[in-house]
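# Close look at the chain arrangement
These are the residues of each chain, in order.
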Amino acid sequence: MYYINDKEYKCSVSVTMDIFNDRWKLAVIWYLLESDKRFKELSESIHEISQKTLTIKLKELEEKNIINREVFAEVPPKVVYSLTPIGLKLKPVLKEMFEWGREYVKENGKITDEDICDGSFCMN
C-alpha cells in the first residue's frame, strides 16, 4: 500500500494520476523546466489558462511539494515559482511525452513551423 496526503493507494500509478489529474499541472511543470518564472510569465506561456485556474493549479502543485513559491520582500511583491527536486525528476517523463506527441502528429497529422514548441530546454 501507498499512503500519502491522508489517502491510500494500491498502486504508485494511482498516486501519479491523482496528482496530475488535469492538463494544466503538466503545462505548468513543462514551462518551469525551462526556467523559474513569475506568475505573469507562466500566464503568458500557457495562453489558454485563466488567471484563476493558474492560481489554483500553482497552489495545488505547491501543496504536493512539486513546485516552490518564493516571495521577495519588495514593493510590489515579487513571487517566483520553481520546481522542487522531486518536480525536476519529471523532466524525463515530460521529454518522453513531448517526443511521443511529435511522433503521433507525424503519423496522424501535420507539423508546421508556425508557433511551434521545440522543447529544446528539455533535451539536455
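Up top is the structure these notes are about.
The structure contained in this document is the topic of the report that follows. (Residues numbered from 1 in each chain as written. Predicted model: local features only at pLDDT ≥ 70, side-chain atom pairs only at ≥ 80, totals over all residues. Heavy atoms only, no water.)

### With respect to the packing of aromatic side chains
Our working definition: Pairing of aromatic side chains requires ring centres within 6.5 Å, counting the rings of Phe and Tyr and the six-membered ring of Trp. Pairs whose planes differ by under 30 degrees are stacked, by over 60 edge-to-face, and all others tilted. Starting at the N terminus, helices and strands are each numbered in turn, a helix being any DSSP run of H or I of at least four residues and a strand any DSSP run of E of at least two. For each residue, the accessible area found with a 1.4 Å probe, counting protein chains only, is set against the maximum for its type, and the residue is called buried under 20%, exposed over 50%, and partly exposed in between. Here, over-ring charges are defined by two tests on the NZ atom of lysine or the CZ atom of arginine: distance to the ring centre within 6 Å, and angle to the ring normal within 35 degrees.
Enumeration according to the criterion identifies 2 aromatic pairs in this entry. Measuring from centroid to centroid gives 5.6 Å for tryptophan 30 and phenylalanine 98, while their planes differ by 15 degrees, and the two rings are stacked. Of this pair, tryptophan 30 sits in helix α2 (residues 23-34) while phenylalanine 98 sits in helix α6 (residues 91-108), placing them 68 residues apart in sequence. Across the pair, phenylalanine 98 and tryptophan 30 agree in class, each one buried. With 5.2 Å between their ring centres and 20 degrees between their planes, tryptophan 100 and tyrosine 104 make a pair best called stacked. Here the residue tryptophan 100 and the residue tyrosine 104 both occupy positions in helix α6, the gap between them amounting to 4 residues, near one helical turn. Directly above the ring of tryptophan 24 sits arginine 23, whose terminal nitrogen or CZ lies 4.1 Å from the centroid. Geometry around phenylalanine 72 places lysine 78 over its ring, the cationic atom sitting 5.0 Å from the centre.

### Notes on the pairing of strand β5 (residues 78-83)
Stated formally: Only when DSSP finds a minimum of two bridges between them are two strands counted as paired.
Burial runs high along β5: 5 of the 6 residues are buried. Here strand β3 (residues 37-38) runs beside β5; their pairing, made up of 2 bridges, is antiparallel. Considered in β5, the bridge of lysine 37 is made with tyrosine 81. Bridge count for strand β4 (residues 67-72) against β5 is 6 bridges, and the pairing is antiparallel. Pairing of glutamate 70 across the sheet is with valine 80, part of β5. Hairpin connection, β4 to β5: the antiparallel pair is bridged by 5 residues.

All quantities given are derived from atomic positions and should not be read as evidence of function.
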